[in-house]
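This is what each chain is made of:
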Amino acid sequence: MAKNYGNSHGIKEYPSVGVRTLNAWHRITSRIPVGGVLAKSDEWPEGKVIPLGTPVSMTEIGGAATVGAAADLTLPYSGLLEHDTPMGPDCCTLDVIDGGELLIDRIDAEISDEQKEAVKFRIKFYPQIKD
């Protein structure tokens, strides 16, 4: 009997998918209980990955999400994306962290100074020593 190991889910029906684990959240103290929904668009086509740490805001729990530079992190339902999240055929759901400690040098997402200021009492950013 043939055996498959790692990255082999549905290997006969679908192409293989690369997976990585990135520990960028040192500690998570609070999360929005129901994530936001981001619809597929020209900016976020199917298969594109929204990077971990991307700013996300919503006007209601489980509602439509705004991501990236347009996200308003002063809204009550706002924070940073917990994981790299690929866009699906119609939409994707986003797990949003609104309290914790993030290792900022491990993420690819862009967070403006204004957005960092808006979450400064909720999320602490830790830089890393660089060689």
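(A) Local environment of the overall build of the protein chain. For the protein chain, the count of helices and strands is one helix and ten strands. Going from N to C terminus, the protein chain has its helices and strands arranged as β-β-β-β-β-β-β-β-β-α-β. Within the protein chain, buried positions represent 36% of all 131 residues. By sequence separation, contacts in the protein chain at least 24 residues apart represent 64% of the contacts at least 6 residues apart. When the accessible area of the protein chain is evaluated, it comes to approximately 8600 Å², of which 52% is carbon and sulfur surface.

(B) Quick peek at the pattern of salt bridges. All told, the structure shown has three salt bridges when counted by the stated rule. For Arg-27, the salt bridge identified is with Glu-101, shortest N-O distance 2.9 Å. Taken together, the residues span a long stretch of sequence, with Arg-27 in strand β1 (residues 25-31) and Glu-101 in strand β9 (residues 96-103) at a distance of 74 residues. Glu-101 gets classed as buried once you look at its relative accessible area, which sits at 12%. A salt bridge links Glu-117 to Lys-120, with the shortest nitrogen-to-oxygen separation between them at 2.8 Å.

(C) View of the packing of aromatic side chains. Under the counting rule described, the total for this entry stands at zero aromatic pairs. The positively charged end of Lys-116 is found above the aromatic ring belonging to Phe-125, 5.8 Å away from the centroid.

(D) Up close: the nonpolar core. Counting residues in hydrophobic clusters, the biggest one holds 14 residues, and the most contacted among them are Trp-25, Leu-52, Leu-80, Leu-102, Ile-107 and Ile-123. Once you skip the residues sitting within four places of it in the chain, Trp-25 turns out to touch Leu-52, Leu-80, Leu-81, Glu-82, Ile-97, Gly-100, Glu-101, Leu-102 and Ile-123. The next biggest cluster of nonpolar side chains, apart from the first, holds 13 residues, and it includes Trp-44, Leu-81, Met-87 and Val-96.

(E) Seen up close, the side chain of Ser-78. By secondary structure assignment, the location of Ser-78 is in strand β6 (residues 77-81). For Ser-78, the contacting residues outside a window of four places in its chain are Ile-32, Val-56, Ser-57, Asp-72, Leu-73, Val-96, Asp-98 and Arg-122.

(F) Representation of the side chain of Ser-57. Mapped onto the elements, Ser-57 comes out in strand β4 (residues 55-58). Of note is the side chain of Ser-57, whose polar atom sits 3.0 Å from the backbone nitrogen of Asp-72. Setting aside its immediate chain neighbours within four residues, Ser-57 contacts Ala-64, Ala-65, Thr-66, Ala-71, Asp-72, Leu-75, Tyr-77 and Ser-78.

(G) Main features of the confidence of the model for the protein chain. On average, the protein chain scores 87 in pLDDT, and the residues at 70 or more come to 82%. Per-residue pLDDT stays below 50 along residues 1-10; that stretch engages in four contacts with residues further than four places along the chain or on separate chains.

(H) Highlighting the pairing of strand β10 (residues 123-126). In the sheet, β9 pairs with β10 via four bridges, with the strands oriented parallel. The residue bridging Leu-103 from the neighbouring strand is Tyr-126, located in β10. The handedness of the β9 to β10 crossover, carried by helix α1 (residues 113-118), is right-handed.

(I) Region of the structure containing the environment of His-83. Considering the arrangement of structural elements, one finds His-83 in the loop between β6 and β7 (85-86). Taking the relative accessible area as the measure of exposure, His-83 reaches 41% and is therefore partly exposed. Taking the C-alpha atoms as reference points, His-83 and Pro-51, separated by 32 residues in sequence, lie 7.0 Å from one another. Excluding residues within four positions of it along the chain, His-83 makes contact with Ile-50, Leu-52 and Asp-95. Within polar-contact distance, the side chain of His-83 engages the side chain of Glu-82 at 3.4 Å.

Cut-offs used in this document
Residues numbered from 1 in each chain as written. Predicted model: local features only at pLDDT ≥ 70, side-chain atom pairs only at ≥ 80, totals over all residues. Heavy atoms only, no water. Helix = DSSP H or I, 4+ residues; strand = E, 2+ residues; numbered from the N terminus. Buried < 20%, exposed > 50% of the residue type's maximum accessible area, 1.4 Å probe, protein only. Contact = heavy atoms within 4.5 Å. Areas by Shrake-Rupley, 256 points an atom, 1.4 Å probe, with all protein chains shown as cover. Salt bridge = Lys/Arg side-chain N within 4 Å of Asp/Glu carboxyl O. Phe/Tyr/Trp six-rings, centres within 6.5 Å; stacked < 30°, edge-to-face > 60°. Lys NZ or Arg CZ within 6 Å of the ring centre and 35° of its normal. Core = buried A, V, L, I, M, F, W, Y, C linked by side-chain atoms within 4.5 Å. Polar contact = N/O pair within 3.5 Å; in protein donor to acceptor, adjacent residues only side chain to side chain. pLDDT = per-residue confidence, 0-100. Pairing = 2+ DSSP bridges. Right-handed = clockwise from strand over helix to strand, strands pointing away.

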